[in-house]
Amino acid sequence: MTGDEQARRPVEEPVWPRSGSLGGVPFVALPPTAVDAPAQDGLIVCWHAFEPPRTEAAMAAALPMTGMPVWRVYLGLRLPGRTENDYLELLGATVERAAAGLADAVAGLRELLGLPDGEVGLVGHGEGAMAALLAMAERRVPVSAAALIAPMARPARVVEARERRLGPYPWTPQTRAVAERLDLAARVAEIAEADPRMLLVGGASDLLVPAEEVQELHGLLTGAGISRAEAVTFRMGHALAAEPGLEPKPPLAAAVSVDAALTDWFRRHLTAGSGASRMMAGQAG
């Protein structure tokens, strides 16, 4: 290429991370940053937990998935002005609001980021994983692949684990109804209908969501007909960031391991190549 040709060649503008609010929900969006693949039209939506990292910005720092050729968007999960005075009431309101708003969030993000329709992936940690499970059970958007870290599928078990740390929980008819309504382990058949690719991540020393529960959920999903589900366990507890987990901080060693696992998973199951391979496999069948 001659010097004149190089001078006439259009210069691509750099794409920077973005942050803001959509429908009252704060977000942090990281652009495609894979160095070995061109940008693609997919979108990964991530929800944090009530434990560290507790905000969308802290979650983006803990699990940036910089090797992905798609946008990763981290949505705020907590409801403004709400406290944990009643954990299940807060959980129900938060998770149901997040799942119900997913379709609008995806549509708004595609318009904001200039993305055409493409594959959607979900990431959730703790309570955020419950929101992801609920969104998939309710078929809020077509989800091609999901990665759930310490997924809370049975609220009653989470309350039992919290009781060991915080003391007896004051059950009421209302909170029992929330726990029953959000028992996602009982809705695996609904989740399996769309056959999303599922990665479940557990922590060997997680006291809130023991690794055995993660393996149990994996068995329920595969038994319900999920064709590709994997479960992995890392040497970690429940948190993916240091307390208080509100601001972006350098990731913990456990988060680095989880981030690598998620990046590998979505590179294999969310990229355009994976989508084309799945379509061809379906046509061949």
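Because the structure is a prediction, the values reported are computed rather than measured.

The next subject is the pattern of salt bridges. What the rule picks out here adds up to 15 salt bridges. Among the ionic pairs, Arg140 bridges to Glu138, the shortest N-O distance being 2.9 Å. For Arg140, a relative accessible area of 35% translates into the label partly exposed. For Glu230, the salt bridge identified is with Arg268, shortest N-O distance 3.9 Å. Placement of Glu230 in strand β8 (residues 229–234) and of Arg268 in helix α10 (residues 253–269) is noted, with a sequence separation of 38 residues between them. For Glu230, a relative accessible area of 27% gives the class partly exposed. Its relative accessible area of 36% is what places Arg268 among the partly exposed residues. When salt bridges that share partners are traced, they join Glu51, Arg54, Arg165 and Glu243 into one network.

Below, the discussion takes up the environment of Glu89. Summarising the element assignment, Glu89 is placed in helix α3 (residues 87–100). For Glu89, a relative accessible area of 38% corresponds to the partly exposed category.

Considered as a void within the structure, the largest pocket measures approximately 240 Å³ in volume. Along the walls of the largest pocket sit 15 residues, with Leu22, Val25, Gly101, Leu102 and Ala105 positioned nearest its centre. Elements with a contribution of two residues or more to the lining of the largest pocket: α3 and α4 (102–113). Per element, the largest residue contribution to the lining of the largest pocket is four residues, and it comes from α4. Tallied by class, the residues present in the lining of the largest pocket amount to eight nonpolar, five polar and two charged. Every residue lining the second largest pocket is counted, 13 residues in all, and those nearest its centre are Ala161, Arg165, Asp206, Leu207 and Leu208. Counted by class, the lining of the second largest pocket contains five nonpolar, three polar and five charged residues.

Strand-to-strand pairing in sheets goes through backbone hydrogen bonds, with the strands running parallel or antiparallel. Spatially, β1-β2-β4-β3-β5-β6-β7-β8 is the arrangement adopted by the eight strands of the open sheet, whose pairing is mixed. The strands lining the two open edges of the sheet, one partner per strand, are β1 (18–22) and β8. Averaged over all pairs of adjacent strands, the angle between strand axes in this sheet comes to 20°, irrespective of strand direction. Summarising the sheet, strand β5 (residues 120–125) and strand β6 (residues 145–149) pair through five bridges and their orientation is parallel. Across the sheet, residue Val123 finds its bridge partner in β6, namely Ala147. Across the sheet, helix α5 (residues 127–137) touches β3 (43–47), β5, β6 and β7 (197–203), and the angle it forms with β5 is around 145°. Against the sheet, helix α9 (residues 211–224) engages β7 and β8, with an angle of about 165° to β7.

Take empty space enclosed by the protein next. As enumerated under the stated definition, the model contains two cavities of 30 Å³ or more in all. For the largest cavity, the lining is made up of 13 residues, of which Pro151, Ala153, Arg154, Arg157 and Glu213 are closest to its centre. For the lining of the largest cavity, the residue count by class is nine nonpolar, no polar and four charged. Space inside the second largest cavity adds up to approximately 50 Å³.

On the secondary structure map, Ala60 appears in helix α2 (residues 56–62). Residue contacts for Ala60: discarding those within four places in its chain leaves Val28, Leu30 and Tyr74.

The geometry of a pair of packed helices is captured by two quantities: the angle between their axes and the separation between those axes. At their nearest, the axes of α3 and helix α7 (residues 173–181) sit 9 Å apart, and the two run at 40° to each other. As summarised for this structure, α3 and α7 are arranged oblique, according to the angle between their axes. For the pair α3 and α7, the sense of crossing is left-handed. On α7, the residues touching Leu88, Glu89, Gly92 and Glu96 of α3 are Thr175, Val178, Ala179 and Arg181. Broken down by class, the residue content of the contact of α3 with α7 amounts to three nonpolar, two polar and three charged.

Parameters at a glance
- Residues numbered from 1 in each chain as written.
- Predicted model: local features only at pLDDT ≥ 70, side-chain atom pairs only at ≥ 80, totals over all residues.
- Heavy atoms only, no water.
- Salt bridge = Lys/Arg side-chain N within 4 Å of Asp/Glu carboxyl O.
- Buried < 20%, exposed > 50% of the residue type's maximum accessible area, 1.4 Å probe, protein only.
- Helix = DSSP H or I, 4+ residues; strand = E, 2+ residues; numbered from the N terminus.
- 1 Å grid on protein atoms, 1.4 Å probe; cavity = no way out; pocket = protein on both sides within 12 Å on 5 of 7 lines; lining within 4 Å.
- Points joined across faces, edges and corners; volume = space filled by probe spheres on them.
- Nonpolar A, V, L, I, M, F, W, Y, C, P; charged D, E, K, R; others polar.
- Pairing = 2+ DSSP bridges.
- Axes fitted to C-alpha atoms, helices over the stretch in contact; angles between N-to-C directions.
- Contact = heavy atoms within 4.5 Å.
- Parallel < 35°, antiparallel > 145°, perpendicular 65-115°, else oblique.
- Left-handed = near helix turned anticlockwise from the far one by under 90°.

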